[in-house]
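Structural characterization, general
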Amino acid sequence: MNQGKGRFVTVEGIDGAGKTTHLRTIEQAWREAGHEVVCTREPGGTPVAESLREMVLHQPMDPLTESLLVFAARRDHLGQVIEPALARGAWVLCDRFTDATFAYQGGGRGFDEAVLSQLEQWVQQGRQPDVTILFDLPPAVAAARLRDARAPDRFEAQDVAFFERVRQGYLRRQAADPGRFVVVQADRTPDEVGAALLAALRERGVA
Ligand code: TYD
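What this report covers is the structure whose coordinates are included nearby. Remember, it's a predicted structure, so these values are computed and weren't measured experimentally.

1. Notes on the pattern of salt bridges
Think of it this way: side chains of opposite charge can pair up when their charged atoms draw near. Under the definition given, this model contains 16 salt bridges. Here Asp 15 ties to Arg 96 by a salt bridge, and the two come within 3.8 Å at their closest N and O atoms. Of this pair, Asp 15 sits in the loop between strand S1 (7-13) and helix H1 (19-32) while Arg 96 sits in the loop between strand S3 (91-95) and helix H4 (98-108), and the two are 81 residues apart along the sequence. Classification of Asp 15 as buried rests on a relative accessible area of 14%. A relative accessible area of 12% means that Arg 96 is categorised as buried. Glu 120 is the salt-bridge partner of Arg 173, the closest N and O atoms lying 2.9 Å from each other. Taken together, the residues Arg 173 in helix H7 (residues 160-176) and Glu 120 in helix H5 (residues 113-124) connect sequence positions 53 residues apart. By relative accessible area, Arg 173 is classed as buried at 14%. Each member of the salt-bridge network shares a partner with another, and the members are Asp 99, Glu 120, Arg 173, Asp 177 and Arg 180.

2. So, the site of the ligand
Residues in contact with the ligand amount to 19 residues; listed here are only the nearest, Asp 15, Arg 96, Thr 101, Gln 105 and Arg 150. Side-chain polar atom of Asp 15 to an oxygen atom of the ligand: 3.1 Å apart, as the coordinates give it. A distance of 2.6 Å separates an oxygen atom of the ligand from a polar atom in the side chain of Arg 96. Expressed as a share of its isolated accessible area of 550 Å², the protein-covered part of the ligand is 92%.

What counts and how
- Residues numbered from 1 in each chain as written.
- Predicted model: local features only at pLDDT ≥ 70, side-chain atom pairs only at ≥ 80, totals over all residues.
- Heavy atoms only, no water.
- Salt bridge = Lys/Arg side-chain N within 4 Å of Asp/Glu carboxyl O.
- Helix = DSSP H or I, 4+ residues; strand = E, 2+ residues; numbered from the N terminus.
- Buried < 20%, exposed > 50% of the residue type's maximum accessible area, 1.4 Å probe, protein only.
- Near = heavy atom within 4 Å.
- Polar contact = N/O pair within 3.5 Å; in protein donor to acceptor, adjacent residues only side chain to side chain.
- Areas by Shrake-Rupley, 256 points an atom, 1.4 Å probe, with all protein chains shown as cover.

Bear in mind that shape data such as this cannot, by itself, settle questions of function.
Structure (structure tokens):
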């Protein structure tokens, strides 16, 4: 039985920032350190939330519906996976969380952030990540990286102006709670980004 305190770390960035590669870097470092590691993602992480993800990524809908579905998915995910894992002392690594809702639905879609804040309080009851890694880079660079990727979903198909609004949405969340965030400049080689990431994790006590 792990008596240690759990950790909740989320990873964010615009599509094409390189998040997927670096999630594996973090997971590997944590496993080598001997922690119980739970890797999960949003929207998703439970059967109900994965069904909602499928709808959000592929069916047309208005921004309020989109926001309600991502928060419904989040509620299920928190109750079924994240809170139980933290309670037993696991280290939880989540590929996107609520900052993505403020960035994509708030910044990208222009949806009312006051409504998102109410949903955040209602669904999370004060739960916030201990540390959030934000991979930041110019949207034009991210778009070039995505150009040869698989068929785009409803978000990946957006233009550079949309991703500029998403990026600014992330940076506003970071400015509002700077102590929670580590901003990693992602416009570098994967090795350079990985080294900066591991150094930041050690500095924050999440390595
Ligand atoms: P992403 O995390 O990039 O997964 P993959 O690596 O499989 O493409 O895809 C999830 C998409 O969902 C991403 O474009 C951002 C979007 N999203 C929102 O719009 N709101 C949210 O609250 C979350 C968590 C994600």
